[in-house]
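The residues making up each chain are set out below.
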Number of protein chains: 2
Amino acid sequence: LHRIKASGLKLRFCTNETQATREKFVKKLKGLGFDISVAEVTAPAPAACRMLKERSLRPHLLVHNDLVPEFAEIDKTNPNCVVIGDAAENFTYANLNEAFRVLIGMEKPVLISLGRGRYYKETDGLKLDVGAYMKALEYACCVQAEVVGKPSKMFFESALAEMGVPPEQAIMIGDDIESDVGGAQRCGMRALQVRTGKYRPCDENHPHVKPDAYVNNLAEAVDIILQQL
Amino acid sequence: LHRIKASGLKLRFCTNETQATREKFVKKLKGLGFDISVAEVTAPAPAACRMLKERSLRPHLLVHNDLVPEFAEIDKTNPNCVVIGDAAENFTYANLNEAFRVLIGMEKPVLISLGRGRYYKETDGLKLDVGAYMKALEYACCVQAEVVGKPSKMFFESALAEMGVPPEQAIMIGDDIESDVGGAQRCGMRALQVRTGKYRPCDENHPHVKPDAYVNNLAEAVDIILQQL
């Protein structure tokens, strides 16, 4: 990160994290030694807030308690849409029924989902991610959710807009073949897949997505990018 | 019911009820004045039990507490499939994650769903039905559930087999245009829709399913059937 910043290149951190505010997320990464500030983070909740404001939508929230502050300035009275994030322990039977009732009660149900992940791993095991609960509500209400976050095109476009950079001059570095590499490429960017984190060898035989290159780690990605300047 | 039974016609009650054993279901209907016995009921749980035995499947159950006795004789050790019913209050975050982990841990995940309903109404409001949770697990595990219960063809076939009647000699009477009428017709039976219960006037414009006739209530259905004997 230091080498990229020193080179004068513009940089954004694109995350699908919806279990915490950007402040908490940045604090955690700083603790791990990363040079990162809140202003450099593109995350689903603020992107959703922009969408809500633009379309005068008032959400019923089904999200993690720690994410609620991101929606502090949003009018939530008399909801005309449902926003679902990775609510974790808030995915109770009662809360799911409540979100469903709000949605089915609308003339034209609007469901906004902060990501479409299937599942993720925590220290105590695998957990269903927001995408599974999104599918449950989609099916029950015969509606298609609007997905904010990777791999949605709009999400990468807002990161690009925040930097003022056209897609063909940007490069995505990520470990997720679909959300990171596929999403960025569909937006007109190039994309490197790092062989760390979520990466699995079978990703290299993905039926639809082929990264512009593979790198073994972030440092190698930086080497390649700086060489080509 | 008395007139049908007196005529010598064979009769089965086909229900998608999965919140209680057949014993409880029959007790409730008897209390409402219906002449019905447990042996006359075709329900998803016993149909699932037959399927489990035939295929040597040992289920992890995510069902309503009151349904568990239906699976008393089934081996549930070291599960090699997941059976999901309308678990209601048992649809907790922890239970859903557990069912998911069992499923994703299989080499070839087998998910059996006791119905595919979207939602239903109780005195305290609308509730998500088993179909929504089935969709969540299907998506998370990239698997397609095998549905037991109406409108599955196999379910109607087992009701017919229990009576020893071929489909062209049987007639379904039901209020649900898709589960009752559509399912029975796909199985080669004729079907009457009663204009009571779940029936909605818009059912008469259903894009795919057209009942053989409409009746205003069960008595009218019996009139028609007995006239044609």
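Residues numbered from 1 in each chain as written. Chains lettered and ligands numbered in written order. Predicted model: local features only at pLDDT ≥ 70, side-chain atom pairs only at ≥ 80, totals over all residues. Heavy atoms only, no water.

By the naming in an unreviewed UniProt entry, chain A is Phospholysine phosphohistidine inorganic pyrophosphate phosphatase, taken from Chloroceryle aenea. As recorded by UniProt, the Function (unreviewed entry) comment attached to chain A reads in full: "Phosphatase that hydrolyzes imidodiphosphate, 3-phosphohistidine and 6-phospholysine. Has broad substrate specificity and can also hydrolyze inorganic diphosphate, but with lower efficiency." Check the Cofactor (unreviewed entry) section of the UniProt entry for chain A; it says "Mg(2+)". (UniProt positions renumbered as here; feature names shortened; annotations may be inferred.)

(A) View of helix H8 (residues 218–227) of chain B. Residue and element names in this part refer to chain B. Restricting attention to buried positions, one finds in H8 the residues Ala-221, Val-222 and Ile-225. What you see down the axis of H8 is that its buried residues fit within an arc of 100°, all on one side. Those residues of H8 hidden inside the fold are in contact with helix H1 (2–7), strand E9 (171–174), strand E10 (190–194) and strand E11 (213–215). Sitting at the amino-terminal end of H8 is Asn-217, which places a side-chain oxygen 3.2 Å from the backbone nitrogen of Ala-219. (Buried < 20%, exposed > 50% of the residue type's maximum accessible area, 1.4 Å probe, protein only. Helix = DSSP H or I, 4+ residues; strand = E, 2+ residues; numbered from the N terminus. Arc of directions from axis to C-beta. Contact = heavy atoms within 4.5 Å. Polar contact = N/O pair within 3.5 Å; in protein donor to acceptor, adjacent residues only side chain to side chain.)

(B) Quick peek at the sheet that holds E9 of chain B. Residues and elements named next belong to chain B. Pairing is parallel in the open sheet, where three strands are placed in the order E9-E10-E11. The outermost strands of the open sheet, each flanked by one partner alone, are E9 and E11. Along the sheet, successive strands turn relative to each other by an average axial angle of 25°, direction set aside. Of the pairings in the sheet, the one linking E9 to E10 comprises four bridges and is parallel in character. (Pairing = 2+ DSSP bridges. Axes fitted to C-alpha atoms, helices over the stretch in contact; angles between N-to-C directions.)

(C) Representation of empty space enclosed by the protein within the structure. Under the defined criterion, the tally for this structure stands at two cavities of 30 Å³ or more. In this model, the largest cavity occupies a volume close to 40 Å³. Mapped onto the lining of the largest cavity, the elements with two or more residues apiece are helix H2 (22–31) and helix H3 (44–54) of chain A. For the lining of the largest cavity, a count of residues per class yields six nonpolar, two polar and three charged. Quantified by volume, the second largest cavity comes out at close to 30 Å³. Every residue lining the second largest cavity is listed: Thr-15, Glu-17, Ala-20, Thr-21, Arg-22, Phe-25, Ala-43, Leu-67 and Glu-70 of chain B. In the lining of the second largest cavity, the residues fall into four nonpolar, two polar and three charged. (1 Å grid on protein atoms, 1.4 Å probe; cavity = no way out; pocket = protein on both sides within 12 Å on 5 of 7 lines; lining within 4 Å. Points joined across faces, edges and corners; volume = space filled by probe spheres on them. Nonpolar A, V, L, I, M, F, W, Y, C, P; charged D, E, K, R; others polar.)

(D) Structural context of a nonpolar patch on the surface. Taken together, Leu-32, Phe-34 and Leu-218 of chain A make up a surface patch of nonpolar side chains, about 270 Å² in accessible area. Mapped onto the fold, Leu-32 of chain A is located in the loop between H2 and strand E2 (41–42). (Patch = residues over 30% accessible without salt bridge, like charges linked within 9 Å, V, L, I, M, F, W, Y side chains within 5 Å. Areas by Shrake-Rupley, 256 points an atom, 1.4 Å probe, with all protein chains shown as cover. Salt bridge = Lys/Arg side-chain N within 4 Å of Asp/Glu carboxyl O.)

(E) Quick look at the pattern of salt bridges. All names here are of chain A. Enumeration over the complete set of coordinates arrives at 29 salt bridges over all chains. One salt bridge in this structure joins Lys-5 and Glu-40, with 2.9 Å as the shortest N-O distance. Of this pair, Lys-5 sits in helix H1 (residues 2–6) while Glu-40 sits in the loop between H2 and E2, and the two are 35 residues apart along the sequence. Taking the relative accessible area as the measure of exposure, Lys-5 reaches 26% and is therefore partly exposed. With a relative accessible area of 17%, Glu-40 lands in the buried category. Residue Glu-138 is joined to Lys-135 by a salt bridge in which the shortest nitrogen-to-oxygen separation is 3.5 Å. One end of the pair is Glu-138 and the other is Lys-135, both in helix H5 (residues 130–141) and three residues apart, which spans about a single turn. Owing to a relative accessible area of 11%, Glu-138 belongs among the buried residues under this scheme. In the salt-bridge network here, residues are joined through shared partners; they are Lys-5, Asp-35 and Glu-40.

(F) Representation of unusual backbone geometry. With omega at 5°, the peptide bond leading from Lys-150 of chain A into Pro-151 of chain A counts as cis. Relative to the elements of secondary structure, Pro-151 of chain A occurs in the loop between strand E8 (146–148) and helix H6 (153–163). Here Ala-88 of chain B, not a glycine, exhibits a phi torsion of approximately 50°, which is positive. Position of Ala-88 of chain B relative to the elements: it lies in the loop between strand E4 (81–84) and helix H4 (93–104).

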